[in-house]
Amino acid sequence: MKNIKFYEAPKYNTAEYEKIEDMIYRTVEEKKENTGCYSLRQCSDNELAEQLKKADGWVQGTGEFYEEYMIITHDGKKYYREIECIDTDEDIIFENYNDDSGEPNMIYVTSIVFEPEPELEENEPSDPYVSQYPLEDILDEFLIYCYDDYKKENEEDKEHSYVEFAADDIEDIRKVLTIIGKHVYNKQEGEYVMLKIE
């Protein structure tokens, strides 16, 4: 990802969005159907996450997306962990951000537009999607999740890619905005792939 800029989405000028500060908006989180990896976010309660890692009762998920995860239900809520990462440094507990309580959830959002770098194993600029990496590593690094994949913009713009980030905590959105104007990519260092922000 290079030439990262803030994207002033047209929807931000509607009644559903309240501008909180420069480049950050607040809105009520919509209820969505599960849409794959974009419906999971890192568990924000570190103590609970460590407790869940030690718990019995994890079962392998089913279906095209969830078969890559072990799933456990705790206090009526489902938690996930990637099978291939269990017992590694990358063993992260995820939660589904689709809350079934019926209560509106206020979230903070921001959007970026950038030039993808296929030479670094990112999507082609003309592709109608954003590649999984380094996007997934950004989500993990800043404790945020993707909220809008801007399907129309990504299909029509043959030079740039678009994505919207969301979080319950405005501080997480402030932190991810530090990538504006920077070069963000993944680099192999020994056995590990590291997220680089320069």
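Placed above this text is the structure.
No experiment lies behind these values; they were computed from the predicted model shown.

Participant: Whenever I open this one, the sheet that holds strand β6 (residues 69–74) confuses me. Can you help?
Facilitator: Neighbouring strands of a sheet are bound in pairs by backbone hydrogen bonds; such pairs are parallel or else antiparallel. The 5 strands lie next to each other as β4-β8-β7-β6-β5, forming an open sheet whose pairing is antiparallel. Across the chains shown, the open sheet's two edge strands, defined by having one partner strand only, are β4 (40–42) and β5 (59–60). Taken together, the 2 bridges between β5 and β6 define a ladder with antiparallel strand orientation. Directly across from Q60, in β6, lies its bridge partner M70.

Participant: How do you make sense of the packing of aromatic side chains when you look at a structure like this?
Facilitator: Taken as a whole and judged by the stated rule, the model has 6 aromatic pairs. Residues Y7 and Y162 carry aromatic rings whose centres are separated by 4.8 Å and whose planes lie at 70 degrees to one another, so their mutual orientation is edge-to-face. You can see Y7 sitting in the loop between β1 (2–6) and β2 (18–21) and its partner Y162 sitting in strand β11 (residues 161–167), a full 155 residues away along the chain. Across this residue pair, the class does not change: Y7 and Y162 are buried. Site record: aromatic cluster; members linked through ring pairs are Y7, Y150 and Y162. It is R81 that lies over the ring of W58; its NZ or CZ is 4.9 Å from the centre.

Participant: What should I look at first to understand the environment of V113 in this one?
Facilitator: Looking at the element boundaries, V113 is found in strand β9 (residues 106–115). Since its relative accessible area comes to 12%, V113 is described here as buried. For the pair V113 and S161, spaced 48 residues apart in the sequence, the C-alpha separation amounts to 5.6 Å.

Participant: Would you mind going over the environment of E90 with me for this structure?
Facilitator: For E90, the position within the fold is in the loop between β7 (77–82) and β8 (94–96). On a C-alpha basis, the gap between E90 and D140 in space is 9.9 Å, while along the polypeptide they are 50 residues apart.

Participant: Honestly, the environment of A49 in this entry has me stumped. Any pointers?
Facilitator: Looking at the secondary structure, you find A49 in helix α1 (residues 46–53). What makes A49 buried here is its relative accessible area of 8%. Residues A49 and D91, spaced 42 residues apart in sequence, show a C-alpha to C-alpha distance of 9.9 Å. Those residues in contact with A49, other than ones at most four positions away along the chain, are C43 and I93.

Participant: Got a minute to help me understand α1 in this structure?
Facilitator: Owing to its 3.6 residues per turn, the α-helix aligns residues three or four sequence positions apart on the same side. Within the sequence span of α1, burial applies to L48, A49 and L52. The arc that holds every buried residue of α1, seen down its axis, measures 100 degrees, which confines them to one face. Residues N46 and E47 are exposed on α1 and point more than 90 degrees away from its buried face. Each element contacted by the buried residues of α1 is listed here: β6 and β7.

Reading guide: rules and limits
- Residues numbered from 1 in each chain as written.
- Predicted model: local features only at pLDDT ≥ 70, side-chain atom pairs only at ≥ 80, totals over all residues.
- Heavy atoms only, no water.
- Pairing = 2+ DSSP bridges.
- Helix = DSSP H or I, 4+ residues; strand = E, 2+ residues; numbered from the N terminus.
- Phe/Tyr/Trp six-rings, centres within 6.5 Å; stacked < 30°, edge-to-face > 60°.
- Buried < 20%, exposed > 50% of the residue type's maximum accessible area, 1.4 Å probe, protein only.
- Lys NZ or Arg CZ within 6 Å of the ring centre and 35° of its normal.
- Contact = heavy atoms within 4.5 Å.
- Arc of directions from axis to C-beta.

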